[in-house]
4 protein chains.
Amino acid sequence: MPKFAGIVPPLCTPFNDDFSVDTDSLRRHVEVQLDAGVHGVFVLGSSSEVAFLPDAQRRVVVETTVDQVAGRVPVLAGCIDMTTLRVAEHIRTAEAAGADAVVVTAPYYTRTHVAEVDRHFRLLHERTALPIVAYDIPVAVHTKLDGGMVLDLAADGVLAGLKDSSGDEAAFRAVLLGKRDRGLDSFAVFTGSELVVDAALAMGADGAVPGLGNVDPVGYVLIHDHFKSGNLAAARREQERLLKLFSITSVAPPSRMGRGSAGLGAFKAAMKMRGFIDNAVMAPPQLPLDDEELLRIKEKLAEAGLL
Amino acid sequence: MPKFAGIVPPLCTPFNDDFSVDTDSLRRHVEVQLDAGVHGVFVLGSSSEVAFLPDAQRRVVVETTVDQVAGRVPVLAGCIDMTTLRVAEHIRTAEAAGADAVVVTAPYYTRTHVAEVDRHFRLLHERTALPIVAYDIPVAVHTKLDGGMVLDLAADGVLAGLKDSSGDEAAFRAVLLGKRDRGLDSFAVFTGSELVVDAALAMGADGAVPGLGNVDPVGYVLIHDHFKSGNLAAARREQERLLKLFSITSVAPPSRMGRGSAGLGAFKAAMKMRGFIDNAVMAPPQLPLDDEELLRIKEKLAEAGLL
Amino acid sequence: MPKFAGIVPPLCTPFNDDFSVDTDSLRRHVEVQLDAGVHGVFVLGSSSEVAFLPDAQRRVVVETTVDQVAGRVPVLAGCIDMTTLRVAEHIRTAEAAGADAVVVTAPYYTRTHVAEVDRHFRLLHERTALPIVAYDIPVAVHTKLDGGMVLDLAADGVLAGLKDSSGDEAAFRAVLLGKRDRGLDSFAVFTGSELVVDAALAMGADGAVPGLGNVDPVGYVLIHDHFKSGNLAAARREQERLLKLFSITSVAPPSRMGRGSAGLGAFKAAMKMRGFIDNAVMAPPQLPLDDEELLRIKEKLAEAGLL
Amino acid sequence: MPKFAGIVPPLCTPFNDDFSVDTDSLRRHVEVQLDAGVHGVFVLGSSSEVAFLPDAQRRVVVETTVDQVAGRVPVLAGCIDMTTLRVAEHIRTAEAAGADAVVVTAPYYTRTHVAEVDRHFRLLHERTALPIVAYDIPVAVHTKLDGGMVLDLAADGVLAGLKDSSGDEAAFRAVLLGKRDRGLDSFAVFTGSELVVDAALAMGADGAVPGLGNVDPVGYVLIHDHFKSGNLAAARREQERLLKLFSITSVAPPSRMGRGSAGLGAFKAAMKMRGFIDNAVMAPPQLPLDDEELLRIKEKLAEAGLL
């Protein structure tokens, strides 16, 4: 069985107005998640604004989370940077902070190649004893991880898991089948989509890393529990409720701001409205949601029974 | 007149085998460039493997270069990172090291928006007294800088220059015309392509940042000088010679390695063959050129009269 | 209830050596499909090599199929062309041939806009009494159909259905939810992926248009029937078997030929091996599979128990 | 020397309100072009709305143009369709109408490969005695023609020319150098950009196919003539004037319509304002410019001295 499984939300990072980490809110948010029954937490992923966080704030996030979680569930730490040597430095920080695993993307900024992506993961594995979870997120790094490469790396003990945020469910399923056929039982395969968790579990995924879990962790734990108890219809209904809630991420129109800030801004606004965090400020240069957009998010939370 | 103009090569970074910066080679390479008559140097650009360099090595590069150049020409320092707060840290390093300007891309990894790109540059300008040169490099950051935004930022004193590596010569020309029409005389517009320097100068560009200048700086200074003396035919012949030389960047086929390592590997191999640096090793996870590929590069250098 | 539902394979087009339609094989293949229990057939889709077929051959395909099917199941006819007036001509041919519905993509070759895509479908609806099924296939037309637009067009009676070959399961699911919430009961939503049919049905899809159904229609009908009888585990096992079989589409490597000819070539080779058609020739300029590739396809068919 | 050279505008197609070809306007527009001194005309290119024209209208366009031109300059005819057999039919029409050459893109809609693109051109060459000009237009067909392939096809007598609308000036220049080095004197290389004609000629291009030439053919002939007489500065000034005029193509914002209709709509509106054609209607599903947008185009024409 994989070490990591179930619902592992990618935690948003609450800030103070000066963009230092609001550690009180972060600790409170961790408790909200654990109270909901999540099976792990993933810090410093894309939902955490990791791309916006200087190294010092990244360190505070992982240290604070590890301390607050105190071993109750695994803490996965994103080590998101462009290439091997830079990622290796983030891994050292994660190790020092006591993370249980690190999450690593393909190289980006540079124009890369599958042989180089493969080498990237192998070199990092040589440098750390922590389990490495590959993070497949083409929307950010503009490269899709090759499924065959991922399975080979899993078979070679280089990768302990995969978080697939590619949106390519057919390729995801091919990895799941490959895992089974090759007997890679301890290799943990997660979907990174919050919109098809029931389907991913039905296909054999070990778990999910749902960004929307920041807003409604109970919902995702319910999907998981319904699935485990064989109640697929109930899992589906819960997922559909959450799919509607996901529309909070598009209240700000594409003509006004990036899809990143529209989505993360909605998550943080909803988290604040629900009392999980104190401050919904986003790191620069992201633009804030306006009052009308916030009102629509509030309405959607109310419709979903979350306010 | 712009503060920065002419041929400003983006210096490759020589490494020791442990990927520490080979400062002796770096100093020697700076002298090669200055001897050739370049009008500035740009460190920590894409050609420097900036995406591969940990912060400590980045600092060594800019400190060593500023020290070696010793004020003879301006030193521009790339501050390449994903978003505002992270870039701001690199700018502080560049300031401390004595760089004359900083070079900054659009945000990446995140899905951004022109209003956020605009805000990114404005926030950085508030935080530094150094001139900011915008770096338009869609192949790396997957966003094209909007020409109207660039001109507005120039008019507002936020941007001191533009290095356009987009390959979109029509858009580049529109910026050049906009610069002239709006009287932005001190705004320095550089092409980042090594293959159309004569054409860019003829269109009114202030200069060029040619990666191939690492291998043949004399050639690019000749293009510049021929252009300045009105000998367009000679400038063209020189550019055509260099365009052929550029074929060294594709001796390694796309089926074998990324276009990044094929190109930078060729630059570094040629620099070593010409005695500019001691070691052509590239940072991981890039793959090395093989012996046959190195032989073909050697032949091409010989054909070009450079060996 | 929608007029169209269930398994509706997109039929490949068998050719004679001169690229005229091999109508005997086509008729035989139609019978293979109907014997397997498919609920409809879709001719002149991407799998039919519609992009390669001159208008005269297209006409033969739809006339032959309508004649052979003889009303036993609905015949959907692709009307694949770049823009409104050209598509309208194909629709007239489909009408004359007696097709039951037409299938239409977004405009392509031209750079379009959601308002123009919307207008495209509305203008075509004004010109035909046949039901129009929207065909969402970004890999071919480089535009993703907007989900809100599709639902509005369905609500307005412009669209009778959607065939979603976008691979974006989250967006597909949003359309399915929108259909239910807006009470669009007669709007038929099909997945165009052959790899997630069980999941699509579980999400509420009305059916599937699986290209691999050309090779193994029985398998897809089994998925459908298992799903209808509530045996989701059996549906999943069948889909997984077919997912493995789908690997026939990649025996020819990307370095040697386009993904189109690799995939369609594999379908046609397998159809010939199974005796469904006489000749696996593909229209120019597609390249043929070589002997080794054909051998591997044969092995995979044997493994799947299809030979 | 190439058979085709100089300024060869890609003619827009004037319509009647029912989208039949307004042949009177087309004939008048041909005369406007010939009076301006163009060296050829290109019908049924992207600027002609070829993607929107049914085959019957396409035939009328080429027949009318050949008749009106009456041998005074060469008539190139676009044969724009998805794959070989369909293109071959358009070539037969062009042959019958008396065109002097045909212009052909890479396959599209299908996912292709350089070996298939190569085969496409070779098969078409076997089927026609007319010179074939390759049309490199990735924005429409989503494939960039490989420069080495183009040169090989030229050397083998398959291609008589290239119209490069890729916007990749470095690759364009590599083709020009390859042409010279391989002694392909009769191979005609045209830029398809209206914004860098002076630069393209300076790099050695044989001519240009400027869409904006529909609006101001005199301007492009002037660039050509200034270049031929060695007055590069005058050529540049003229190109810069036209680059400003090109802003008519963006008066309609991207939030409102496709870039195709914004651009072609502006061309046709300006042609009507200048009296070249009677009716600026565009084929469906393109959206029309509104009154305010038309007013801004009028102002820009007046500024350019064209009204």
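Parameters and conventions
- Residues numbered from 1 in each chain as written.
- Chains lettered and ligands numbered in written order.
- Predicted model: local features only at pLDDT ≥ 70, side-chain atom pairs only at ≥ 80, totals over all residues.
- Heavy atoms only, no water.
- UniProt positions renumbered as here; feature names shortened; annotations may be inferred.
- Helix = DSSP H or I, 4+ residues; strand = E, 2+ residues; numbered from the N terminus.
- Rg over C-alpha atoms; globule rule 2.2 N^0.38 Å.
- Buried < 20%, exposed > 50% of the residue type's maximum accessible area, 1.4 Å probe, protein only.
- Contact = heavy atoms within 4.5 Å.
- Disulfide = S-S within 2.5 Å.
- Least-squares fit on C-alpha atoms with pLDDT ≥ 70 in both.
- Expected span 1.5 Å × (residues − 1).
- Buried area = accessible area lost by both parts, 1.4 Å probe.
- Salt bridge = Lys/Arg side-chain N within 4 Å of Asp/Glu carboxyl O.
- Polar contact = N/O pair within 3.5 Å; in protein donor to acceptor, adjacent residues only side chain to side chain.
- Nonpolar A, V, L, I, M, F, W, Y, C, P; charged D, E, K, R; others polar.
- Pairing = 2+ DSSP bridges.
- Axes fitted to C-alpha atoms, helices over the stretch in contact; angles between N-to-C directions.

By the naming in an unreviewed UniProt entry, chain A goes by Dihydrodipicolinate synthase family protein and is assigned to Amycolatopsis mongoliensis. One UniProt comment on chain A, placed under Sequence similarities (unreviewed entry), says "Belongs to the DapA family."

Draft legend 1. Structural detail: the overall build of chain A. When helices and strands are tallied, chain A shows 12 helices and eight strands. Here chain A has a C-alpha radius of gyration of 18 Å; the compact-globule value for 307 residues is 19 Å, and the two agree. Projected onto its principal axes, the C-alpha positions of chain A cover 50 × 45 × 40 Å. Classification of the 307 residues of chain A by burial places 64% in the buried group. Taking the contacts inside chain A whose residues are at least 6 apart along the sequence as the reference set, 73% of them involve residues at least 24 apart.

Draft legend 2. Representation of the state of the cysteines in the model. Residues and elements named next belong to chain A. This structure, assessed with the given rule, holds zero disulfides over all chains. Unpaired in this structure, Cys79 has its nearest cysteine sulfur neighbour in Cys12, at a distance of 18 Å. For Cys79, a relative accessible area of 1% corresponds to the buried category.

Draft legend 3. Representation of the relation of the copies chain B and chain D within the structure. With an RMSD of 0.0 Å, the fit of chain B onto chain D corresponds to turning through 180° and sliding 0.0 Å along the axis. Here the copies are linked by what is in effect a two-fold axis. No C-alpha of chain B lies nearer the rotation axis than that of Ala199 of chain B, which sits 3.0 Å from it. A shared interface surface links the copies, since 100% of the contact residues of chain B are contact residues in chain D too.

Draft legend 4. Broad picture of helix H9 (residues 217-228) of chain A. Residue and element names in this part refer to chain A. Compared with an ideal rise of 1.5 Å per residue, which puts 12 residues at 16 Å, H9 spans 17 Å between its outermost C-alpha atoms and is within 8% of the ideal. Residues of H9 that are buried: Pro217, Gly219, Tyr220, Val221, Ile223 and His224. Buried residues along H9 sit against strand S1 (6-7), helix H1 (23-36), helix H8 (197-203) and helix H10 (232-245).

Draft legend 5. The interface of chain B and chain D, seen in detail. The interface of chain B with chain D comprises 21 residues on the first partner and 21 residues on the second. Summing both partners gives a buried area of about 1,800 Å² for chain B against chain D, and 57% of it is carried by carbon and sulfur. Joining chain B to chain D, the criterion identifies six salt bridges. For the interface between chain B and chain D, the tally reads 12 residue pairs in polar contact (both at pLDDT 80 or more). The element contributing the most residues to the side of chain B that touches chain D is helix H7 (residues 169-181) of chain B, with seven residues. Taken together, the residues that form the side of chain B that touches chain D break down as 10 nonpolar, three polar and eight charged.

Draft legend 6. Quick look at the sheet that holds strand S5 (residues 132-136) of chain D. Residues and elements named next belong to chain D. Strand order across the open sheet formed by eight strands is S1-S8-S7-S6-S5-S4-S3-S2, with parallel pairing between neighbours. Every other strand in the sheet has two partners, leaving strand S1 (6-7) and strand S2 (41-43) as the edge strands with one partner each. By the bridge criterion, three bridges tie S2 to strand S3 (residues 75-78) in an arrangement that is parallel. Note that in S3 the partner of Val43 across the bridge is Ala77. Of the strands in this sheet, S2 and S3 touch helix H2 (residues 55-69), which is tilted by about 160° from S2. Contacts from helix H4 (residues 114-127) reach strand S4 (101-105) and S5, with the element oriented near 155° to S4.

Draft legend 7. The arrangement of the UniProt feature "binding site: pyruvate" (unreviewed entry) in chain A in detail. Residues and elements named next belong to chain A. In this structure's numbering, the residues bearing the UniProt feature "binding site: pyruvate" (unreviewed entry) are Val209. The buried category is assigned to Val209, whose relative accessible area is 6%. With residues up to four places along the chain from it excluded, the contact list for Val209 reads Val8, Pro9, Pro10, Phe42, Lys163, Phe190, Thr191 and Gly192.

Draft legend 8. Region of interest: the interface of chain B and chain A. Each side of the interface is counted separately: chain B has 48 residues, and chain A has 48 residues. Summing both sides of the interface, chain B and chain A together bury roughly 4,100 Å²; the carbon and sulfur share of this comes to 61%. Joining chain B to chain A, the criterion identifies four salt bridges. Among the ionic pairs, Arg86 of chain A bridges to Asp55 of chain B, the shortest N-O distance being 2.8 Å. Elements with a contribution of two residues or more to the side of chain B that touches chain A: helix H2 (55-69), helix H3 (84-97), helix H4 (114-127), helix H5 (138-141) and helix H11 (259-273) of chain B. Taken together, the residues of the side of chain B that touches chain A sort by class into 23 nonpolar, 15 polar and 10 charged.

Draft legend 9. Quick look at the side chain of Ser193 of chain D. On the secondary structure map, Ser193 of chain D appears in the loop between strand S7 (188-191) and helix H8 (197-203). Separated by 3.0 Å, the side chain of Ser193 of chain D and the backbone nitrogen of Leu195 of chain D make a polar contact.

Draft legend 10. A look at the sheet that holds strand S4 (residues 101-105) of chain B. Residues and elements named next belong to chain B. Strand order in this open sheet of eight strands is S1-S8-S7-S6-S5-S4-S3-S2, and the pairing throughout is parallel. Among the strands making up the open sheet, the edge pair consists of strand S1 (6-7) and strand S2 (41-43). In the packing of H7 onto the sheet, contacts are made with strand S6 (161-164) and strand S7 (188-191), and the angle to S7 comes to roughly 165°.

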